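# Report on the structure
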Amino acid sequence: MTILVTGGLGYIGSHTVVELLQNGFQVIIVDDMSNSEKFILDNIEKVAGKRPVFFPFDLRRKELLAQVFDAYEIDGCINFAAFKAVGESQEKPLDYYENNLFSLINILQEFKNRNISNFIFSSSCTVYGQADQQPIDEDTPLKTPESSYGKTKQMGEEILKDFATAYKKKVSLLRYFNPIGSHPSALLGELPIGIPNNLVPYVTQTASGIREQLSIWGNDYDTPDGTAVRDYIYVVDLAKAHVKALQKLMAETSETVIDIYNLGTGKGSSVLEVVESFERANDVKVPYKICDRRDGDITVAYANADKAERELGWKAETSLDEALRTTWEWQKYLESRK
Ligand code: NAD
Ligand code: WQD
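Report on the accompanying structure. Nothing here was measured: the structure is a model prediction, and the numbers come from that model. (Residues numbered from 1 in each chain as written. Chains lettered and ligands numbered in written order. Predicted model: local features only at pLDDT ≥ 70, side-chain atom pairs only at ≥ 80, totals over all residues. Heavy atoms only, no water.)

## Thoughts on the site of ligand 2
Basically, it comes down to this: We call a residue near a molecule or strand whenever a single non-hydrogen atom of that residue lies within 4 Å of it. Two N or O atoms form a polar contact when they lie within 3.5 Å of each other; inside protein one atom must be a possible hydrogen donor and the other a possible acceptor, and for residues adjacent in sequence the pair counts only when both atoms belong to side chains. Residue burial considers only the protein chains on display, and all accessible areas are found by Shrake-Rupley using a 1.4 Å probe. A run of H or I in DSSP counts as a helix once it spans at least four residues, and a run of E counts as a strand once it spans at least two, with each numbered from the N terminus. Each residue is assigned to one of three groups, with Ala, Val, Leu, Ile, Met, Phe, Trp, Tyr, Cys and Pro labelled nonpolar, Asp, Glu, Lys and Arg labelled charged, and all others, Gly among them, labelled polar.
Neighbouring ligand 2 are 19 residues; Ser124, Tyr149, Ser215, Arg230 and Asp297 lie closest to it. Residue Leu199 places a main-chain N or O atom 2.8 Å away from an oxygen atom belonging to ligand 2. Take Arg294: an N or O atom from its side chain is 2.8 Å from an oxygen atom of ligand 2. Across the complex, the protein chains shield 88% of the 690 Å² of accessible surface that ligand 2 would expose by itself. Within the residue set of the shell around ligand 2, elements represented by two or more residues are α7 (199-207) and β8 (214-217). A total of four residues in the shell around ligand 2 trace back to one element, the largest contributor, which is β8. Among the residues making up the shell around ligand 2, the classes are represented as 10 nonpolar, six polar and three charged.

Structure below.
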């Protein structure tokens, strides 16, 4: 089985490519390296023992995409390629709508024209906004996300539902909570460009001295320690869920399938708990100061991921400490490359 993995040199994509290769899939990556680097391809090969086929181009280039579909018999796609910086999406909404949605539609057109099914979409817990109940299951009502980035995820889901229904296709919408950590080999991980916005990259860079101090955005939330609560899911656990979701889609006998799964641990952790866990796991200090709340932040979000366990036989297995230990190993690897 040959799977097109868009954004396969990115953070979650590269870990998923390794899992696909280790499960016997052939992998074709399309990635324009707008947020990744070529050495990740070499490292995927080192970890998995196989080198995926790689095309470096922007998925908005329809004619190049068509050539890939002409050259290979593709059985499915996992579409990671997207811009993902929430703050940037507020400044450049058109860039986000264009990149995230045109890329998606271009691939779906190829699927439609060539009679291919099995499409997995990287969605996000951002589609729930500040949910009225916790934990969040898949039936929790969606709220219009605040950011243009979040809206591209909600729109992507709608596009895929229409696509599956109109053209009788099988799709899986995977709503990730907060992915963290790196591959145990320390050869794959997140490459934050510039000043990180997300918590774990910022904590990591603070521990390593690149940043002076972590700003904790608010300690007056209605949570046990006053800091906001999220569901931090280890990236290798998350990658494994993609293989399970793909295998389920491929085994489905119905022509039209719309699967939706929350991928999280089911456990909420506060910002302070993440800092303490990082310090404990790595025996380092993370200096921090308490600041005002960050605009647009929600108080709490954690998953009910029972549906994924029931239907995919998947659940998160890795502890927060262990995930944060791999993050630190990756940071040391990145520094050793300088
Ligand atoms: P990432 O930026 O590390 O990976 C995305 C990859 O796609 C990058 O390698 C980038 O170069 C590539 N890309 C972007 N636009 C492209 C285009 N037009 N053509 C070809 N390649 C393109 O991001 P990630 O953290 O691995 O996220 C993967 C997916 O998961 C994204 O769709 C993201 O929105 C979604 N997601 C991420 C998170 C998170 O916190 N990391 C949470 C929920 C959902
Ligand atoms: C986590 C917590 C911050 C940085 C974002 C996107 C969401 C999804 C995941 C893709 C919050 C606090 C952070 C810092 C801090 N991505 N924090 N100091 O906000 O849950 O979600 O990433 O779909 O769409 O919005 O993740 O890692 O930015 O923040 O105190 O320097 O850490 O306030 O409570 P978030 P995050």
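## Points about the nonpolar core
Threshold: By nonpolar core we mean a set of buried residues, namely Ala, Val, Leu, Ile, Met, Phe, Trp, Tyr and Cys, connected to one another through side-chain atoms within 4.5 Å. Burial classes: relative accessible area under 20% of the type maximum marks a residue as buried, over 50% as exposed, and values in between as partly exposed (1.4 Å probe, protein chains only). Contacts are assigned to residue pairs that have any heavy atoms within 4.5 Å of one another.
Leu20, Ile29, Ile40, Ile44, Leu263, Phe278 and Trp314 are the most contacted members of the largest nonpolar core, which totals 67 residues. The element that contributes the greatest number of residues to this core is helix α8 (residues 235-251), accounting for eight residues. Once you skip the residues sitting within four places of it in the chain, Leu263 turns out to touch Leu174, Arg175, Tyr176, Phe177, Ile233, Leu238, Ala241, Ala308 and Trp314. Membership of the second largest hydrophobic core comes to 24 residues, among which are Leu4, Leu65, Leu108 and Phe111.

## Focus on the packing of aromatic side chains
Any two aromatic rings considered together are summarised by their centre-to-centre distance and by the angle between their planes. Stated formally: Pairing of aromatic rings covers Phe, Tyr and Trp, the last counted by its six-membered ring, and requires centre-to-centre distances within 6.5 Å; plane angles under 30 degrees mean stacked, over 60 mean edge-to-face, and any other angle means tilted. Only Lys NZ and Arg CZ are tested; either one counts as a charge over a ring when it is within 6 Å of the ring centre and within 35 degrees of the ring normal.
This structure, assessed with the given rule, holds eight aromatic pairs. Taken together, Phe69, Phe111 and Phe119 form an aromatic cluster joined through their ring pairs. Here the basic side chain of Arg293 rests over the ring of Tyr221, its NZ or CZ set 4.0 Å away from the ring centre. The ring of Tyr261 has Lys307 lying over it, and the distance from NZ or CZ to the ring centre is 5.0 Å.

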